[in-house]
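# Architecture at a glance
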Amino acid sequence: MAEESCPVALSELCLAQVCLSLDSLCSTQPDGSLRLSWAPLLPQEMADQLLHKMAAQGTLNDRTVGIFRSCEQLRLRRACVRSSPLSAEAFRLALCPHRLQELDASGIPGGLTGAHILSGLASNPECRASLQRLTLSRLQLGWMSLEVKEEQVGFSSLQGLRTLNLANTDLTDPFLEDICTLPQLEVLDISSTLVTELSALLGCRLTLRSLTAHGLRQLDMSPARVISILTQLHALRHLDLSDDRFVSAPPSAENDEGGEGDEAVRLLLEEGSGILPALVSLDVSGRKKVTEGAVTAFVEGRRGLLFLGLLATGAGSCDVLSGKNNLKVTGEANEKQICESLRRYRERECFTREALVHLYQLTNDMYDQTRPDILKLVLGGMQNYSESLHVQLVASACVFNLTNQDMAVGMPHPLLSAVVHQVLEAMRSFPSHQQLQKNCLLVLCSDTILQDVPFDRFEAAKLVMNWLSGHVDRTLQRMAVAVISILVAKLSTEQTTQLGADIFIMKQLLGIVQQKAMAGVVDSTLKFALSALWNLTDETPTASRHFIQCQGLELYEEVLETYSSESSIQQKVLGLLNNIAEVEELQADMMQEDLLEHVVTLLQGPQVEVGVSYFAGGILAHLTSRQDAWTLDQGLRQTILEQLHAAILTWALPEREMVSYRVGKSCTTELSAASLPWTMTVPFWSFRPFFSLLQTSQPAGVQLWAVWAMHLVCTQNGEGVQYCHMLQVEGAVELLKTLSCDLDTHSNVRGMAESILGMVERHQTTSNPLRTQTEKGHHGRS
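This section reports on the structure supplied with the text. (Residues numbered from 1 in each chain as written. Predicted model: local features only at pLDDT ≥ 70, side-chain atom pairs only at ≥ 80, totals over all residues. Heavy atoms only, no water.)

## Quick notes on the packing of aromatic side chains
Threshold: Stacked, tilted and edge-to-face are the three classes assigned to paired rings of Phe, Tyr and Trp, where Trp is represented by its six-membered ring and a pair needs centres within 6.5 Å; plane angles under 30 degrees give stacked, over 60 edge-to-face, the rest tilted. Only Lys NZ and Arg CZ are tested; either one counts as a charge over a ring when it is within 6 Å of the ring centre and within 35 degrees of the ring normal.
Under the defined criterion, the tally for this structure stands at 10 aromatic pairs. Among the aromatic residues, those joined into a ring-pair cluster are Trp534, Tyr614, Phe615, Trp651, Phe687, Phe690, Trp705, Trp708 and Tyr723. For arginine 344, the ring lying beneath its charged end belongs to phenylalanine 307, and the centroid distance is 3.8 Å.

## Here we look at the packing of helix α8 (residues 223-231) against helix α9 (residues 259-270)
Operational definition: Throughout, an axis means a line fitted to C-alpha atoms (over the contacting stretch in the case of helices), and angles, computed between N-to-C directions, take values from 0 to 180 degrees. Helix and strand labels come from DSSP, where a helix needs a run of H or I of at least four residues and a strand needs a run of E of at least two; each type is numbered from the N terminus. The scheme is simple: roughly parallel for angles under 35 degrees, roughly antiparallel for over 145, roughly perpendicular for 65 to 115, oblique for anything else. For a crossing to be left-handed, the near helix must be turned anticlockwise from the far one by less than a right angle; the clockwise case is right-handed. What makes two residues a contact is simply this: any of their non-hydrogen atoms within 4.5 Å. Three classes are used: nonpolar for Ala, Val, Leu, Ile, Met, Phe, Trp, Tyr, Cys and Pro, charged for Asp, Glu, Lys and Arg, and polar for all others, with Gly counted as polar.
Relative orientation of the contacting elements α8 and α9 amounts to 50°, with a least axis distance of 8 Å. In terms of orientation, α8 lies oblique with respect to α9. Note that α8 runs across α9; the crossing there is right-handed. Residues Pro223, Val226 and Ile227 of α8 form the contact with α9, whose participating residues are Glu260, Glu263, Ala264, Leu267 and Leu268. Considering only residue class, the contact of α8 with α9 consists of six nonpolar, no polar and two charged.

## What about the pattern of salt bridges?
Charged atoms that come close allow side chains of opposite charge to pair. Our working rule: Salt bridges are counted wherever a side-chain nitrogen of Lys or Arg sits within 4 Å of a carboxyl oxygen of Asp or Glu.
For the coordinates displayed, the defined rule picks out 29 salt bridges. Glutamate 425 is the partner of arginine 428 in a salt bridge, and the nearest nitrogen-oxygen pair spans 2.6 Å. Of this pair, arginine 428 and glutamate 425 both sit in helix α16 (residues 413-429), three residues apart, which is roughly one turn of that helix. Here the residues in one salt-bridge network are Arg217, Asp243, Asp244 and Arg245, joined through shared partners.

## Observations regarding a negative patch on the surface
Condition: Patches here are clusters of residues that have more than 30% relative accessible area and form no salt bridge, with a 9 Å joining cutoff for like charges and a 5 Å cutoff for nonpolar side chains (Val, Leu, Ile, Met, Phe, Trp, Tyr). Note on areas: these come from Shrake-Rupley sampling with a 1.4 Å probe, and a residue is covered only by the protein chains present in the view. The charge count includes Lys and Arg as positive and Asp and Glu as negative, but it does not include His or the ends of the chains. Taken as the charge location is NZ of Lys, CZ of Arg, CG of Asp or CD of Glu. Whether a residue is buried, partly exposed or exposed follows from its accessible area with a 1.4 Å probe, protein chains only, as a fraction of its type maximum: under 20%, in between, or over 50%, in that order.
Among the surface-exposed residues, Glu554, Glu558, Glu561, Glu593, Asp594, Glu597 and Asp633 lie close enough to one another that they form a single negatively charged patch. Within the element layout of this structure, glutamate 554 appears in helix α25 (residues 552-562). With a relative accessible area of 42%, glutamate 554 lands in the partly exposed category.

Spelled out as structure tokens, the structure:
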């Protein structure tokens, strides 16, 4: 089973819940920090995982880290506080008393420096001996404060250190000398530091097994001197001399920055097995003087080589590489090299971006291949560099290629959910970048994603709506409106109400409708905008009120006239007007004789689809159901009721599904279709809007429309059984029985009501076949 398809481990769920519940599980100390009110003696691994989870979720700070002051209950060994905002004091009190073996304090924002960390760790005699792995990358070291009680504290005070990562720090030569006195140092990363000399490395030549020296811009040594130092590192097995200058400075005679480093790499490669014969891993990605001949010489001289980094060198196509099954290579020559690059270079933005560029070119030709393994790598790049426009731009394009059309169908939903979350983050972070927004919209415009994948649809609808306000590109407008239409159809009533409360959204969608109507065009953008408005006003009085305030009634009357022969347009327009008519306080706004006369003409006729007539009837049924609220001529009301009753008797049940619960239409299918099916799904949340129309005091035409609609829902949908059950749960069955038993009920209404009750009874028998005949209820007749 794929990793993405596996259920989340119970321990993960428990830890996540603890992170969310810290306030209720803890008491607040006088200094503001938290302390667990009660805690069992947790296994050491569980304490480590809790700290890591808090850091990963962004809940670790000066206040919450206080729970780890209880060293007896929460014993830390492998501590990760990566990117967590901690002060020097909070770090000292919570973490330094533990007998740590590993510490990752990389990328901590604020005032905590490497000096503070060293001082705190060195203050614990146990830590001095126990700490084996320390990561302080992307941290200000702050050497000026490295003195405690007149005694300078350096890395050499941590005598147990075996692995030290100081990449992207202000490490200088004197402190490199101090580091290289560590007696057990095996792994050292000094990438992108201020180091100018490597001679200090000779101090650990017998123990150093891995050296990462990526992008040493300040290095001031001749190529021959660099090679001389490296050849004396007798224990060295892994060497990284890669560089990222290629992304900002193309090679030229005028710009030879990094040339000495490139020359050193050339010498290393061309010497073959004569230099560092024990190497099993070498990374020279980004170097400019890497030739296929030099790579061939190096590889052929090392039978035990396991890894070779060649990304952005142009040498990944060497024939010698194809025959090495055990050799992993980063590069751009093929899919295997590109994917290896994304795995290896998670911490290097420049290489991640370069690999994604080549992956995009590769995925352009990936038709009908579901590749969750590759999508997961792209997701990792997006997550690691969420603030990098360049990474987000090319990554979102890769995501689209990997999820386009039917390729998303076979993807694990948890993976797609995480991808959509990152896509929304990119939209939020770079609202003004049109190409990125286009990429993200293309990703969202997927049947599988919009219909089946769990993600924050409410937030997505707001993001797309806000973006739409500032852009007029027709292609992007069409996609945005399509996505909004489907997202709104999937929201809960509460979310729809909240979204509809923003009058700005109503103005934007009505503006699109007006723009299209003035041009007299019938396209998918118009239809999606109408659908979005229809869904937005469903059971949302506030949105309905905004519709009227924005002159929506006047516009929709014009649309009905303009598109008098377009059933698909008429149905959406009338569907929204039916939503407005359901809101009692807004019915007065619809008491317009011209509007009602126009609606009456759509009740029946050889050219009128039953889907159009149905909603025309709904509008008239709601407006005529309250005699005391009717402000027009009473004779007109009576005429409308008679015409409504007569028209309903002529309606034939449609061949295709017409009304159901909110089910968004296909986004990708309808974007490419010439027109939308007239049987647009109607967003009924329940049968309750019909209840006022089923009262025995209502005119027969009003009652007939309500029972016809209920009968349609229960017979025309695949979930008819579900709707029959809902009739019982919501109390509609009792209303239908009352209507059926009333002597004044019109025979047409009674017949339809009894037909519905019969369906409900058959549903009860089917769902519980053990019921006896005597237990069954009976319908009254007049």
